[in-house]
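Given next are the chains, with one letter for each unit.
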Amino acid sequence: MKLSPANPLRVRARVRQRVTGLLGAGACLLAALPAAAQTPPPPVLSTAEFQACLARLQGTSDFRGIDPAIYAQHTRGLEPDATVLPLLNRQPEFTMPVWDYMAVLVDAERVADGRAAYRQWLPTLRQIEQRYGVEPAMVMGVWGVESNFGQIMGGRPLVQSLSTLSCFGRRQAYFRTEFANVLRILQGGHVPAEKLTGSWAGAFGQTQFMPSTFLRTAVDFDGDGRRDIVSSVPDALASTANFLRKAGYRTGEPWGYEVKLPGGFDTSQAGRRNKRALEHWQAQGVRLVDGSPLPATLSQAGLLLPAGANGPAFLVGKNFDTLYSYNASENYALAIAQLSTLVAGEKTQTGFVTPWPTDDPGLSRAENRELQTLLLARGHDIGAPDGLIGEKTRAAIRTEQGRLGMRANGRAGQQLLSALRRDGTAMQR
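The rules behind the values
Residues numbered from 1 in each chain as written. Predicted model: local features only at pLDDT ≥ 70, side-chain atom pairs only at ≥ 80, totals over all residues. Heavy atoms only, no water. Core = buried A, V, L, I, M, F, W, Y, C linked by side-chain atoms within 4.5 Å. Buried < 20%, exposed > 50% of the residue type's maximum accessible area, 1.4 Å probe, protein only. Helix = DSSP H or I, 4+ residues; strand = E, 2+ residues; numbered from the N terminus. Contact = heavy atoms within 4.5 Å. Phe/Tyr/Trp six-rings, centres within 6.5 Å; stacked < 30°, edge-to-face > 60°. Lys NZ or Arg CZ within 6 Å of the ring centre and 35° of its normal. Pairing = 2+ DSSP bridges. Axes fitted to C-alpha atoms, helices over the stretch in contact; angles between N-to-C directions. Parallel < 35°, antiparallel > 145°, perpendicular 65-115°, else oblique. Left-handed = near helix turned anticlockwise from the far one by under 90°. Nonpolar A, V, L, I, M, F, W, Y, C, P; charged D, E, K, R; others polar. Expected span 1.5 Å × (residues − 1). Salt bridge = Lys/Arg side-chain N within 4 Å of Asp/Glu carboxyl O. Polar contact = N/O pair within 3.5 Å; in protein donor to acceptor, adjacent residues only side chain to side chain.

Peer 1: Hey, could you run me through the nonpolar core in this one?
Peer 2: Grouped burial of nonpolar side chains is what soluble globular proteins tend to show. Among the nonpolar cores identified, the biggest contains 94 residues, and M102, F179, F204 and L244 are the most heavily contacted of them. The element that contributes the greatest number of residues to this core is helix α13 (residues 330–343), accounting for 9 residues. Once residues within four sequence positions are removed from consideration, M102 is found in contact with N331, L334, A335, Q338, F352 and W356. Core analysis: the second largest hydrophobic core is formed by 14 residues, Y257, W281, L303 and L315 among them.

In structure tokens form, the structure reads like this:
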């Protein structure tokens, strides 16, 4: 998402907002994404300056209505967390190839986990659909991308992260609002302090809401008197459906579909916002990817080309836009859309029919673990293979790329994995 005052859901590094957990998932799922850039070291922050800032903030309008005792309880002796500041300038949705992004977020493991969770929670999802008009599959897509169905929600204390970002770095005004809203959540007793943890940017819960989004759209669906999107799956999923409904979700419409463009197609017509009637695209020779006519299931659609004219093409409608409003990244919205389609279906292939225009596709989490295992076998001290491409793994990748005569960019891709497999086989002979 983009972080804008009119739509302050959550943050990603430009600073873009997002309600969910990939960083949003920053502390969460996007830790698995193979970004090549190295995170700079955190700055040295003054605790005295931090405490002086907190003392000033308490008297500002953002914190009006917050009990002084609540403020003191949660800020007394608080230390700043300098490690959140470098993350302001890293946002995988906008800095990495779409094929890397999709390979990790929509892989066979996540689809299998999603199908199991879908079966488990389908009765609740049906009740949510009756109340908010959002199909179960779409809610599942958000849940899967944001926290891997509640498995990875981030462990940074929100009060510490947001208070630090309120006093240091860029976008302090935005983060001060979110910091104040965290204190309002604590004051309201919705989520206990020890469970109010999440991403570096302040997103939390099963579907990674920013505090302001929580106060605006979270609901008590399980009827216990609290809006608990951390421990209550029904509350989290219903809150997500409520957010999508408020964003303009259209019941019964698909998010879109993969299409095939005719030869010589004028791609200047492309763009998610450049919505046209289906008849327009049909007249231009656009067909479903299997060659069949476009179904009359979207009132209007825009043409999305996430990797340019030579990659997969999609016609996307209003419901794709509601996903985009959750986190202002078309790659993010596409990941949710594809995951929702796969979770509710029986298709085993996780990719699209049209391949990505690259000779070095990205790796799934299982392939990342295999890559890490091969790096460990070569003596690199990177810790246990967990599928998360961190700084140690990237440093080891750069070393091996240099040894193999490849460009040493720290990126985990299919070419490197294949080269290490071959190298390992040769070493065993």
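Peer 1: Please clarify how the packing of aromatic side chains should be interpreted in this entry.
Peer 2: Two aromatic rings, taken as a pair, are described by how far apart their centres are and by the angle between their planes. A full pass over the atoms with the stated rule returns 15 aromatic pairs. Ring geometry for Y71 and F179: centres 6.3 Å apart, planes at 50 degrees, overall tilted. Pair noted here: Y71 is in helix α2 (residues 68–75) and F179 is in helix α8 (residues 172–188), with a separation of 108 residues, a long-range link. For Y71, a relative accessible area of 3% translates into the label buried. In this structure F179 comes out as buried when scored by relative accessible area, which is 0%. Between Y326 and Y332, the aromatic rings sit 6.4 Å apart at their centres with planes inclined by 15 degrees, giving stacked as the arrangement. For the pair shown, Y326 and Y332 are each scored as buried. The ring of Y324 is capped by R272, whose NZ or CZ atom sits 3.7 Å from the centre of that ring.

Peer 1: Would you explain the pairing of strand β6 (residues 300–304) in this entry?
Peer 2: With 4 of its 5 residues buried, β6 lies for the most part within the structure. Judged from the 3 bridges that link them, strand β4 (residues 271–277) and β6 form a sheet pairing that is antiparallel. Opposite R276, over in β6, you have A301 as the bridge partner. In this structure, β6 lies alongside strand β7 (residues 313–316), joined through 3 bridges in antiparallel fashion. The residue of β7 that forms the bridge with L303 is L315.

Peer 1: Can you walk me through the packing of helix α6 (residues 136–147) against α13 in this structure?
Peer 2: Any two packed helices are characterised by the angle at which their axes cross and by the distance between the axes. Where α6 meets α13, the closest approach of the two axes is 8 Å, and the angle between their N-to-C directions is 120 degrees. Between α6 and α13, the angle is such that the two are oblique. Crossing handedness for the pair α6 and α13: right-handed. Two secondary-structure elements touch here, α6 through A137, M138, M140, G141, V142, G144, V145 and E146 and α13 through Y332, A335, I336, L339, S340 and V343.

Peer 1: What is the right way to read the packing of helix α1 (residues 47–58) against helix α7 (residues 158–167) from this model?
Peer 2: α7 packs onto α1 with a crossing angle of 90 degrees between their chain directions and a minimal axis gap of 10 Å. With respect to α7, the axis of α1 lies roughly perpendicular. In contact with F50, C53, L54 and L57 of α1, α7 contributes S163, T164, S166 and C167. Across the contact of α1 with α7, the residue classes tally to 5 nonpolar, 3 polar and no charged.

Peer 1: So what exactly am I meant to see when it comes to helix α14 (residues 365–377) here?
Peer 2: Because the α-helix completes a turn every 3.6 residues, residues three or four places apart line up on one side. Between its terminal C-alpha atoms α14 stretches 18 Å, which fits the 18 Å expected from 13 residues at 1.5 Å a residue. Along α14, the positions that sit buried rather than exposed are R365, N368, L371, Q372, L374 and L375. Looking one or two residues past α14, G379 carries a phi angle of roughly 90 degrees, positive in sign.

Peer 1: Where do I start with the sheet that holds β6 in this structure?
Peer 2: What holds strands together in a sheet is hydrogen bonding between their backbones, with the strands either parallel or antiparallel. Spatial ordering of the open sheet is given by β4-β6-β7-β3-β5, a layout of 5 strands whose pairing is antiparallel. Either end of the sheet is taken by a strand with one partner, and the two such strands are β4 and β5 (287–288). With respect to the sheet, helix α12 (residues 318–326) is in contact with β4, β6 and β7, its orientation differing from that of β4 by roughly 160 degrees.

Peer 1: How should I be thinking about unusual backbone geometry in this particular structure?
Peer 2: For residues other than glycine, phi is negative in most cases, and the peptide bonds are mostly trans. Positive phi values are uncommon outside glycine, yet R171 reaches one of about 55 degrees. With relative accessibility at 30%, the residue R171 sits in the partly exposed group. Notably, Q208 is not glycine yet its phi reads approximately 50 degrees, a positive angle. For Q208, the position within the fold is in the loop between β2 (197–198) and α9 (211–217).

Peer 1: Help me understand the pattern of salt bridges, please; the structure alone is not making it clear to me.
Peer 2: A side chain with one charge may pair with a side chain of the opposite charge, provided their charged atoms come close. Counted under the stated rule, the structure contains 17 salt bridges. Close ionic contact of R272 with D321 constitutes a salt bridge, the shortest N to O distance being 3.0 Å. On the criterion of sequence distance, the pair formed by R272 in strand β4 and D321 in helix α12 is long-range, its members being 49 residues apart. Three or more residues joined by partner-sharing salt bridges are found here, namely R272, K275, D321 and E330.

Peer 1: Would you take a moment to explain the side chain of H380 for this structure?
Peer 2: For H380, the position within the fold is in the loop between α14 and α15 (391–403). Relative accessible area serves as the criterion here: at 16%, H380 is assigned to the buried category. Among the polar contacts made by the side chain of H380, one reaches the side chain of E400 at a distance of 2.7 Å. Residues contacting H380, with those up to four places away along its chain left out, are L375, A396, T399 and E400.

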